[in-house]
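Architecture at a glance
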Amino acid sequence: MKYLKINIEENADIEALKNAVLQLKGVASTEIVDDENPESELKKAFAKTKEQLKKGDYETLVNDIFDIIIKK
């Protein structure tokens, strides 16, 4: 999968930009990442892991961990 990184100004309407990008052909999804607040991304990752454990989705959990290790 390929990614497009867009840097925005502080006063930009992030939701409007996200919705506009989703309308483009070939765009599967969008995600807002705040590099200045990495803790929020960490909280999302823990929440996802918690849900995977509750559902017993161990294969996806292990694959996610390997993806993180390989990318770093």
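These numbers were taken from a predicted model, which means no experiment stands behind them.

Attention now moves to the confidence of the model for the protein chain. Across the protein chain, pLDDT averages 82, with 89% of residues at or above 70. For the protein chain, helix 2 (residues 38-55) is the element with the lowest average pLDDT, namely 78, and helix 1 (residues 14-22) is the one with the highest, namely 90.

Let us now look at the pattern of salt bridges. Scanning the entire structure with this criterion turns up 2 salt bridges. As a salt-bridge pair, Lys54 and Glu51 come within 3.8 Å of each other at their nearest N and O atoms. Pair noted here: Lys54 and Glu51 are both in helix 2, with a separation of 3 residues, about one helical turn. The exposed category is assigned to Lys54, whose relative accessible area is 61%. Looking at Glu51, the relative accessible area reads 37%, which means it is partly exposed.

Criteria and cut-off values
Residues numbered from 1 in each chain as written. Predicted model: local features only at pLDDT ≥ 70, side-chain atom pairs only at ≥ 80, totals over all residues. Heavy atoms only, no water. pLDDT = per-residue confidence, 0-100. Helix = DSSP H or I, 4+ residues; strand = E, 2+ residues; numbered from the N terminus. Salt bridge = Lys/Arg side-chain N within 4 Å of Asp/Glu carboxyl O. Buried < 20%, exposed > 50% of the residue type's maximum accessible area, 1.4 Å probe, protein only.

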